[in-house]
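Close look at the chain arrangement
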Amino acid sequence: MARDMTKGNITGHLIAYAVPLVFGNLFQQLYHTVDSVVVGQFYGKEALAAVGAAGPIMNILTFLIVGLSIGASVLMASYFGAKEYQNLKDEFATSVLSGLVLTIVLSVIALSGSHLFICLTQTPAEISAQASLYLQIISFGLIFTFFYNIFSAALRAIGDSRAPLYVLILTTIVNVFLDVFLVGYCHLGVSGAAIATILSQGVSALALFIYIWAKVPMLRLGIRDLRVKTSMLKRTIDFSSISAIQQTILYVGRLLVQSGVNALGVDAVAAFNAVSIIDSYVLAPGDSLAASITTYSAQNLGAKEYERIPQGLRKILVIAEIYIILTAVAVLLCRHPLLGIFLKPNEIEALRQGMSYLIPMAVFYFLSGITNSFQGYYRGIGHLKITLFATLVQIPVRVAISYALFGRLGIQAVAIGTAIGWMCMIVFEVSMYRKYGHVKALKKNVQ
């Protein structure tokens, strides 16, 4: 169901829009989590480490696609807010066709270069073959990842965050069933986990296509609608490329960190994979709140409701911090049983390293709520270069500090580096608000 956020209660809109996204992101995390839990429990820490080693490379490919979808979503939300429904459909068609070309290219690169990518990340020799195989199989499913993300982006642009959630619930159940069947019953190891993931993503893409065709006429694309509108392509590329570059830089940074962790041995890789999944569950709702302020801001910018836009930022900051503080306390109190989901009781060294990471990281989680809120805000008002530069500020700091401290702190160094990177990011984002984020600046930029 479409949601017009250009009028009415701001807090109500943000929460109502964000809640399905929060649950959707949590369910989306289950794709990788189920893979890790099943292979870890059936095949041990080596299989878990192999999935973890392939994860950052897979994320770079995925978030190039997600970046394209984010940029397109901002443009579509602006057209929806301005009630320009034909432009909305044209932008959707342009994004689908241009994104499809990008996805095919990425799939070929990933498939042909998987072994090289795994070697470049210093993945331990005993797990490199499994990690490479996992990545190759996942590469075949990138086309499903693209269609799911672009369909979700279009629906979220018009304020419908519920349909993607319902589809994710369905496909997560499918993924759990397939993982247990292919890994546990058919004994396919990491290959079974990868096959389960791409089949589930195929179901999600098909389900959203059917929903849009049946229920959302303004996004329904017939044969005649499937054309690239030249006047929109450049703007789409500008917005989407900035988002894609930003997401790529973020995950290249994580890949570099993963490479440093890989050099510490299998115990460190297994522990880091486990804590990274826990992090993803904590941080995913913050990403959802950021997406909420992005759509809210873009719709109101299109409708020229300038006064409402900064009000939304202030409210989302409060909501984000309340959530993140409560979650951080839960992680601190439950860190041992959380790690036990992924690691066996006799894997003592991996458990110790995981515990050493989670204690400082939980203390620093609150920083993510601030920076994510500003990132979502700047995307919504069209200043995607600010989000890009903020990431450029953060990533080198995170990587440099992590590598400087690996020798003394092990994977705990990543928590320290991440926190300092977030701090630098916040300083930059707040300084940019004084120039671009307030009401007068918004009116001036549009004029």
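Quick look at the structure, then. If you're wondering where the values come from, they're calculated on a predicted model, not measured in any experiment. (Residues numbered from 1 in each chain as written. Predicted model: local features only at pLDDT ≥ 70, side-chain atom pairs only at ≥ 80, totals over all residues. Heavy atoms only, no water.)

1. Things to note about the environment of leucine 182
Along the chain, leucine 182 falls in helix H6 (residues 162-185). Leucine 182 sits in the buried class, given a relative accessible area of 11%. Residues leucine 182 and serine 128, 54 residues apart in the sequence, show an inter-C-alpha distance of 21 Å. If we skip the residues at most four places from it in the chain, leucine 182 touches His187, Leu188, Gly192, Ile195 and Ala196. (Helix = DSSP H or I, 4+ residues; strand = E, 2+ residues; numbered from the N terminus. Buried < 20%, exposed > 50% of the residue type's maximum accessible area, 1.4 Å probe, protein only. Contact = heavy atoms within 4.5 Å.)

2. Quick notes on the pattern of salt bridges
All chains considered together, the criterion is met by 3 salt bridges. Each member of the salt-bridge network shares a partner with another, and the members are Asp90, Arg227 and Lys229. (Salt bridge = Lys/Arg side-chain N within 4 Å of Asp/Glu carboxyl O.)

3. With respect to the nonpolar core
Residues Phe92, Tyr134, Leu219, Val261, Tyr357 and Tyr365 are the most contacted members of the largest nonpolar core, which totals 105 residues. Examining the composition of this core, we find that 17 residues originate from one element, helix H2 (residues 45-81), more than from any other. Those residues in contact with tyrosine 357 that sit more than four places away from it in its chain are Phe272, Val275, Asp279, Ile411, Gln412, Val414 and Ala415. Core analysis: the second largest hydrophobic core is formed by 24 residues, Ile10, Tyr306, Ala320 and Ile386 among them. (Core = buried A, V, L, I, M, F, W, Y, C linked by side-chain atoms within 4.5 Å.)

4. Regarding the environment of arginine 335
With respect to the secondary-structure elements, arginine 335 resides in helix H10 (residues 308-340). Along the primary structure arginine 335 and leucine 358 are separated by 23 residues, whereas in three dimensions their C-alpha atoms are 6.9 Å apart.

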